[in-house]
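Structural overview
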Amino acid sequence: KAGVTQTPRYLIKTRGQQVTLSCSPISGHRSVSWYQQTPGQGLQFLFEYFSETQRNKGNFPGRFSGRQFSNSRSEMNVSTLELGDSALYLCASSFGPNQETQYFGPGTRLLVL
Amino acid sequence: QKEVEQNSGPLSVPEGAIASLNCTYSDRVSQSFFWYRQYSGKSPELIMSIYSNGDKEDGRFTAQLNKASQYVSLLIRDSQPSDSATYLCAVRSTGNQFYFGTGTSLTVIP
């Protein structure tokens, strides 16, 4: 089985721009979670989707949003980028609603200048 | 108070020794516990999961869970230089939300 894929792998943007990141989960997995990883804060939960519904949301401003499509692929969008949004954005997929085990994609490294 | 706490390290052990990594969590009703390994510049990969009190062994890795003390540990026996990485403790808490510790950096010295 192919693993979790994320595109793009690297991205450079400037302050004020917006960005959309994509995640394709492992085939058959219906739950997708997004995390932001920075050296100082570690892995922080952004949101989780299951069957196109957002089930959980972390403590991030409304500039961060996401969605999931019927094929379980997910996108996250960050609007009005700030320097502090520079981070590794990781997507993780799991099979069912209880997301017992999460498998991570390679991540998208975002640099905001 | 953070949901999941780990010593950031760095932890250095000689090759062949036992590395001991520790993690505490705050949500008493947490149900599932995971250890991930993350090499520099890579994404986390699952090493072990544990759900019940006691020990769970998988090869050179042993996870230990003590729900009364809200404590999870990972022992790596016969440590190898290839084990050098950051180890992340993760807890699935109420509402099915995952919380991660900030990770412990392990260096195995040949």
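Located above this text is the structure these notes cover.
Below you will find a few notes about this structure. Keep in mind the model is a prediction, meaning the values are calculated, not measured.

Scoring rules and cut-offs
- Residues numbered from 1 in each chain as written.
- Chains lettered and ligands numbered in written order.
- Predicted model: local features only at pLDDT ≥ 70, side-chain atom pairs only at ≥ 80, totals over all residues.
- Heavy atoms only, no water.
- Contact = heavy atoms within 4.5 Å.
- Buried area = accessible area lost by both parts, 1.4 Å probe.
- Salt bridge = Lys/Arg side-chain N within 4 Å of Asp/Glu carboxyl O.
- Polar contact = N/O pair within 3.5 Å; in protein donor to acceptor, adjacent residues only side chain to side chain.
- Disulfide = S-S within 2.5 Å.
- Helix = DSSP H or I, 4+ residues; strand = E, 2+ residues; numbered from the N terminus.
- Buried < 20%, exposed > 50% of the residue type's maximum accessible area, 1.4 Å probe, protein only.

Digging into the interface of chain B and chain A
- Taken together, the contact pairs 16 residues of chain B with 20 residues of chain A.
- Three residues, N96, F98 and F100 of chain B, lead the burial of chain B against chain A; their summed loss comes to 30% of the area buried on that side.
- Connecting chain B to chain A are zero salt bridges.
- Inspection of the chain B/chain A interface yields three residue pairs in polar contact (both at pLDDT 80 or more).

A closer look at the state of the cysteines
- Counted by the stated rule, this structure contains two disulfides over all chains.
- What pairs with C23 of chain A in a disulfide is C91 of chain A, and their sulfur atoms sit 1.7 Å apart. One quick way to see it: the torsion about the S-S bond of C23 of chain A and C91 of chain A is about -50°, and its sign makes the bridge left-handed. Placement of C23 of chain A in strand β3 (residues 19-24) and of C91 of chain A in strand β9 (residues 87-94) is noted, with a sequence separation of 68 residues between them. No difference in accessibility class separates C23 of chain A from C91 of chain A, as the two residues are buried.
- Disulfide pairing places C23 of chain B opposite C89 of chain B at an S-S distance of 2.0 Å. On the sign convention where negative means left-handed, the S-S torsion of about -70° between C23 of chain B and C89 of chain B marks this disulfide as left-handed. Of this pair, C23 of chain B sits in strand β3 (residues 19-25) while C89 of chain B sits in strand β9 (residues 85-92); the two residues are 66 residues apart in sequence, bridging distant segments of the chain.

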